[in-house]
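Report on the structure
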Amino acid sequence: MFFSTWQDFFQMGGYGFYVWLAYGLSLLCIVALVVQSLLEKRSIMKAISQQQQREKRLQQVQQRGQL
């Protein structure tokens, strides 16, 4: 499609509002998904770290009991 001015490009032949709204909502969903994924990853990594620390403490207690 060829647009003679930037205004024509943004108006998209009268459908600009719907086109840009669709792009905006898609971008918003993608950003929200990325943010949610990063937060979930952080939460999982924290839980794994806590589990490893718990297991290490249990091993230390068990070793002390055997001595």
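Residue indices begin from 1 for each chain and proceed along its sequence in written order. Only residues with pLDDT of at least 70 are given local features in this predicted model, and only at 80 or more are side-chain atom pairs given and counted; all residues enter the totals for whole chains, interfaces and linings. Hydrogens and water are ignored here; the side-chain numbers use all heavy atoms of the structure.

Taking an unreviewed UniProt entry as the reference, the protein is identified by name as Heme exporter protein D belonging to [Haemophilus] felis. UniProt positions are given in the numbering used here, feature names are shortened, and annotations may be inferred rather than shown by experiment. Of the protein, the UniProt comment under Subcellular location (unreviewed entry) reads exactly: "Cell inner membrane". Quoted verbatim from the Sequence similarities (unreviewed entry) field of the UniProt record, the comment on the protein reads "Belongs to the CcmD/CycX/HelD family."

Comment: elements are numbered from the N terminus, with helices defined as DSSP H or I runs of at least four residues and strands as E runs of at least two. Position of L28 among the secondary structure elements: in helix α2 (residues 16-66). On a C-alpha basis, the gap between L28 and I44 in space is 24 Å, while along the polypeptide they are 16 residues apart.

Centre distance and the angle of the planes are the two values used to describe a pair of aromatic rings. The criterion for an aromatic pair is that two Phe, Tyr or Trp rings (for Trp, the six-membered ring) have centres within 6.5 Å, with stacked assigned to planes under 30 degrees apart, edge-to-face to planes over 60 apart and tilted to the rest. One pass over the structure, following the stated rule, counts 8 aromatic pairs. On the basis of an interplanar angle of 80 degrees and a centroid distance of 5.3 Å, the ring pair of F17 and Y18 is categorised as edge-to-face. Each member of the pair F17 and Y18 is classed as exposed. Put simply, the rings of F3, W6, F9, F10, W20 and Y23 pair up and form one aromatic cluster. Each residue gets one of three labels from its accessible area relative to the maximum for its type: buried under 20%, exposed over 50%, partly exposed in between, using a 1.4 Å probe on protein chains only.

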